[in-house]
Amino acid sequence: MRSAEADQYCIVAVDAAKYVNTVMICTIFGDILRGPFEFDGSKTGFRLLKKEIELMLEAFQLTRVFLGIETTVHYYEDLVRVL
């Protein structure tokens, strides 16, 4: 990552699944900020994901989020639509 601001970026890596998705939040350099946790496709699940991302942004003074989703079958489609 060739950017002066790269240390302010984070990656939200999502393993999309049929019922329960798994996500991990890390720095652009691979340092894990929030270990794997699960959320489902409900409003409550997406609120949890949003809350965890916001907590990491604030706690580590991050300014930009990159979202990566493993595209398994069609399970990722709702994630893309909502996020």
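Residues numbered from 1 in each chain as written. Predicted model: local features only at pLDDT ≥ 70, side-chain atom pairs only at ≥ 80, totals over all residues. Heavy atoms only, no water.

A. Looking closely at a nonpolar patch on the surface. Taken together, the side chains of L67, V82 and L83 define a hydrophobic patch exposed on the protein surface, amounting to about 270 Å² of accessible area. Tracing the chain through its elements places V82 in helix α2 (residues 77–82). (Patch = residues over 30% accessible without salt bridge, like charges linked within 9 Å, V, L, I, M, F, W, Y side chains within 5 Å. Areas by Shrake-Rupley, 256 points an atom, 1.4 Å probe, with all protein chains shown as cover. Salt bridge = Lys/Arg side-chain N within 4 Å of Asp/Glu carboxyl O. Helix = DSSP H or I, 4+ residues; strand = E, 2+ residues; numbered from the N terminus.)

B. Main features of the pairing of strand β1 (residues 9–15). Summarising the sheet, β1 and strand β4 (residues 64–70) pair through 7 bridges and their orientation is parallel. Paired with Y9 across the strands is R64, a residue of β4. In this structure, β1 lies alongside strand β2 (residues 20–27), joined through 6 bridges in antiparallel fashion. Counted as the bridge partner of V14 is V23 from β2. Linking β1 back to β2 in an antiparallel pair, the connection comprises 4 residues. (Pairing = 2+ DSSP bridges.)

C. Examining the nonpolar core more closely. Judged by nonpolar contacts, the single largest core of 15 residues is most densely connected at V12, V23, I25, F39 and L49. Sort the elements by how many residues they give to this core and helix α1 (residues 43–59) lands first, with 4 residues. (Core = buried A, V, L, I, M, F, W, Y, C linked by side-chain atoms within 4.5 Å. Buried < 20%, exposed > 50% of the residue type's maximum accessible area, 1.4 Å probe, protein only.)

D. Quick peek at α1. With 17 residues, α1 should cover 24 Å at 1.5 Å per step; its first-to-last C-alpha distance of 24 Å lies within 8% of that length. Taken together, the buried positions of α1 are G45, F46, L49, E52, I53 and M56. The arc enclosing the buried residues of α1, seen along the axis, measures out at 125°, which places them on a common side. Among the exposed residues of α1, those oriented more than 90 degrees off its buried face are K43, T44, R47, K50, K51, E58 and A59. In this fold, the buried residues of α1 make contact with β1, β2, β3 (32–40), β4 and α2. Immediately beyond the C-terminal end of α1, within one or two residues, lies Q61, with a positive phi of roughly 55°. (Expected span 1.5 Å × (residues − 1). Arc of directions from axis to C-beta. Contact = heavy atoms within 4.5 Å.)

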